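One-letter residues, chain by chain:
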Amino acid sequence: MQPTSIKVGNGTNPAPQAPRAPAAPARLPDPTTIPHFHVVKSTTFFENNDSDIPLYRTRGRRRGFLVVFSYVEFNNLEPYRNGVDVDCKNLKYLFDEIGFKVISYQDLTKSQTLETLKGLKEVVVGAECVFIVVSSHGYERPRSSDNDIRCKDGGLIAIRDIIDYFNNKNFPALQGVPKVFIFQLCRGNNEESVWRPGAETDGASRGASRGAPPAPAPPLLAPPDAPAPRDRVYSDILIAHSTVPGNVAYRDNAAGSWYIQALCEVFAARAHDCHVEKLFTLVDKRLHAAFLVQTSSVDRWGFNCRLYLHPGLYESQ
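This write-up is about the structure you can find in this document. Everything numeric here is computed off the predicted structure, so don't read it as measured data.

A short note on empty space enclosed by the protein
If you add up the space inside the largest cavity, you get close to 40 Å³. Forming the walls of the largest cavity are Val68, Ser70, Val84, Asp87, Cys88, Leu91, Val133, Ser135, Gln184 and Ile260. Going through the elements one at a time, strand S2 (65–70), helix H1 (84–98) and strand S4 (130–135) are the ones with two or more residues in the lining of the largest cavity. The greatest single-element share of the lining of the largest cavity, amounting to four residues, is contributed by H1. Classifying every residue of the lining of the largest cavity gives six nonpolar, three polar and one charged.

Put into structure tokens, the structure is as follows:
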């Protein structure tokens, strides 16, 4: 049976509609239920054996922080987002098992969201890596590759503005620290798909020899009277989207969003032996195998090392 799924967002028109009563939850899972998946633990650390692409260091007790911003109710401006509680519960369980500290915020207004983002500077410093998950209704920005997210009070925040809180200018303490952003939201209203005669349908029924390294480039000379060498604003950033630009993202009322289902399944099974970029590749493969019609995407902004999460494994102090 095809899953009962709804879009996450209302496409390209971000203006709130006339107030209406939120849709009644179709079937809410028991919030006390423990996620059923098992997180495979690492037994050995990966080593820096590639001079071209080294590893981010993830061996200590401050392995990382997961910060989740979820938006479920919108002061009668948008439909109630059934299934988001399942996503949050599964993400918390997954990253707890990996060894992360988890912080979760739900249904913040725009001003509360911005203040919380600013306040994270005092929370995540010292972590070996940071994951930020944002789950809400999303909208395509005209003549832009950016998207907006909807806050509880109807206010909109651009994805770029969220990322900018963590760039090297605004948060220099995190320079060199991997920062992974996961956006579970629509990026437009396109729902197109293609028909493949004879395609497998089982997945849809769920729902779901190395050369020498190159010589280093000569250093760039700073202009006379420069107060200090300049460096780039963006680095060590990986941005994972549940869907491609212009398209919707789907969510099951009972089992949660398709993308987070696939992400939790893959990270639980393979984080012990795969770096994060490979994990997101496997997430998209799983998303396709299970649900067929949704495509995820990943952007790298100076994310030039490999990130292994080493679930449950810590270096001796």
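Concerning the sheet that holds strand S7 (residues 156–158)
Taking strand neighbours across the sheet as the criterion, the three strands line up as S5-S6-S7 in an open arrangement whose pairing is antiparallel. Whereas interior strands pair on both sides, the edge strands pair on one side only; in this sheet they are strand S5 (138–140) and S7. Across the sheet, the axes of successive neighbouring strands diverge by a mean angle of 30 degrees, strand direction being ignored.

Details of unusual backbone geometry
Not every positive phi belongs to a glycine, and Asp236 is a case in point at roughly 60 degrees. Its location among the elements puts Asp236 in the loop between strand S8 (179–184) and strand S9 (237–241). Here Asp236 falls in the buried class, since its relative accessible area comes to 10%. Located in the positive-phi region is Leu292, a residue other than glycine, with phi close to 70 degrees. With respect to the secondary-structure elements, Leu292 resides in the loop between helix H5 (276–291) and strand S12 (297–301).

Thoughts on the sheet that holds S9
Taken in spatial order, the six strands make up an open sheet running S3-S2-S4-S8-S9-S12, and their pairing is mixed. Edge positions in the sheet fall to strand S3 (101–106) and S12, since each has one partner strand and no second. When the angles between neighbouring strand axes are averaged without regard to direction, this sheet yields 15 degrees. Taken together, the five bridges between S9 and S12 define a ladder with antiparallel strand orientation. Considered in S12, the bridge of Ala240 is made with Val298. Strand contacts of helix H4 (residues 258–270): S4, S8 and S9, with the helix running at about 140 degrees to S8, the strand carrying the most contacts. Across the sheet, H5 touches S4, S8, S9 and S12, and the angle it forms with S9 is around 10 degrees.

Observations concerning the environment of Asp164
Note that Asp164 resides in helix H3 (residues 159–164). Judged by relative accessible area, which is 18%, Asp164 ranks as buried. Look past the residues within four positions of Asp164 in its chain and what remains in contact with it is Asn170 and Tyr234.

Looking at the nonpolar core
Counting 47 residues, the largest nonpolar core has Leu94, Phe131, Ile182 and Phe280 as its most contacted members. Elements represented by at least two residues in this core include exactly S2, H1, S4, S8, S9, H4 and H5. Tallying contributions element by element places H4 first for this core, with nine residues. Not counting residues up to four positions away in its chain, the partners in contact with Phe280 are Val180, Ile182, Leu238, Ala240, Tyr259, Leu263, Phe267 and Val298.

Conventions adopted
- Residues numbered from 1 in each chain as written.
- Predicted model: local features only at pLDDT ≥ 70, side-chain atom pairs only at ≥ 80, totals over all residues.
- Heavy atoms only, no water.
- 1 Å grid on protein atoms, 1.4 Å probe; cavity = no way out; pocket = protein on both sides within 12 Å on 5 of 7 lines; lining within 4 Å.
- Points joined across faces, edges and corners; volume = space filled by probe spheres on them.
- Helix = DSSP H or I, 4+ residues; strand = E, 2+ residues; numbered from the N terminus.
- Nonpolar A, V, L, I, M, F, W, Y, C, P; charged D, E, K, R; others polar.
- Pairing = 2+ DSSP bridges.
- Axes fitted to C-alpha atoms, helices over the stretch in contact; angles between N-to-C directions.
- Buried < 20%, exposed > 50% of the residue type's maximum accessible area, 1.4 Å probe, protein only.
- Contact = heavy atoms within 4.5 Å.
- Core = buried A, V, L, I, M, F, W, Y, C linked by side-chain atoms within 4.5 Å.

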